[in-house]
Amino acid sequence: MDGAKALRAGAVAALVVGLAVGCSASESGGSGRSVLTGEGGAAGRVLAVKVDNVRAARPQTGLNDADLVYAIEVEGGLSRLMAVYDSSHLPPTVGPVRSARETDLQLLQAYDKPALAFSGAQSMLLPVLKSSDIVTRTGTGAFFRDPDRPAPHNEYVHTKGLADGAGTAKDIGLRFAAKVPGGGQSAGVTSASMPAARFTFTWDAPRYRVAMDGAASPWTADNVIIQRVKVEESRFHSRTGYVPFSRTVGSGSAVVLRDGRSYGVHWSRPAADAGTTYTYQGRTLPLRPGRTWIVLDPG
């Protein structure tokens, strides 16, 4: 083998090793792997959709097409979801769609000018959202009502074109590797709770089945992160009472589930425009390539 061929072979070998230990696309010099899922195909423009999650809203539409799904506490201790997609594999519709909260604003600052589809927002929060780097999608012709569902749990959105003008997915701190990390504990069933909501994740190889409030769902996850966060009152109040704000800038403890194992990790996000790292025994814990559910657990 001549010198040039040897250099090329060495570069290929280094790239393969880098992917095996969970490098992001940016770390591997444009590997063509999504920074949001670790799977083949670089991520496109980012669209987030705020999704209803009370019993009357289930089953929702489009969650198994998401790259990430966040579970977030809202009024009354209930939960809502925020599904994050890239424009290269959007489902035709998502919903039911509900209103935005301050937690969404802080979460999405880690992304690069994402689009956010939502049904409305508190009167003082709405102009803040519109003046932020978020591309707001609300009150447009893309939204429609399903007459077979009860209001307000029947508003859906056609996703075509909603990500236009949004930023391309950037590194938000996640790392991926097919190889199962050492350590952790075997865990077949794991739950997380909010005051009036409960999530249960059951390992059913090769992924987790998601149950909500004790009821099975059609949704699955390749990874689950139960991230314990500080919950305080939002500065954007509601006439109906206390509005929770889950603080995702800072640090704390979390549990990562992958491949039937549970890892107690430390999470850290030093600033709103920074990604979140999850470290186990001092090293970043790689996720399994695929879809991740992140539950913001009030701890």
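Residues numbered from 1 in each chain as written. Predicted model: local features only at pLDDT ≥ 70, side-chain atom pairs only at ≥ 80, totals over all residues. Heavy atoms only, no water.

Draft legend 1. Summary view of the nonpolar core. In terms of nonpolar packing, the biggest core is built from 39 residues, with L68, Y70 and Y111 touching the most fellow members. Residues in contact with L68, not counting those within four places in the same chain, are L36, M82, A83, V84, Y111, I172, L174, T292 and I294. L81, A117, F201 and V295 belong to the second largest nonpolar core, which has 37 residues in total. (Core = buried A, V, L, I, M, F, W, Y, C linked by side-chain atoms within 4.5 Å. Buried < 20%, exposed > 50% of the residue type's maximum accessible area, 1.4 Å probe, protein only. Contact = heavy atoms within 4.5 Å.)

Draft legend 2. Structural context of the packing of aromatic side chains. Under the criterion given, the structure shown has four aromatic pairs. An angle of 85 degrees between the planes, with centres 5.3 Å apart, marks the rings of Y263 and Y280 as edge-to-face. With a gap of 17 residues between them, Y263 in strand 18 (residues 261-269) and Y280 in strand 19 (residues 277-280) connect regions that are remote in the sequence. Taken as a pair, Y263 and Y280 share a single burial class, namely buried. (Phe/Tyr/Trp six-rings, centres within 6.5 Å; stacked < 30°, edge-to-face > 60°. Helix = DSSP H or I, 4+ residues; strand = E, 2+ residues; numbered from the N terminus.)

Draft legend 3. Structural view of the pattern of salt bridges. Inspection of every chain in the model, using the stated rule, returns 13 salt bridges. Residues D52 and R98 are paired through a salt bridge, measuring 3.2 Å at the closest nitrogen-oxygen approach. Of this pair, D52 sits in the loop between strand 1 (46-51) and strand 2 (68-73) while R98 sits in the loop between strand 4 (93-94) and helix 2 (102-108), and the two are 46 residues apart along the sequence. Assessed through its relative accessible area of 1%, D52 is described here as buried. (Salt bridge = Lys/Arg side-chain N within 4 Å of Asp/Glu carboxyl O.)

Draft legend 4. Representation of the side chain of R98 within the structure. The exposure class of R98 is buried, given its relative accessible area of 17%. A distance of 3.2 Å separates the side chain of R98 from the side chain of D52, its partner in a polar contact. In this structure R98 touches K50, D52, R80, F118, S119, P152 and H153, once residues within four positions along its chain are discounted. (Polar contact = N/O pair within 3.5 Å; in protein donor to acceptor, adjacent residues only side chain to side chain.)

On their own, these measurements won't tell you what the molecule is for.
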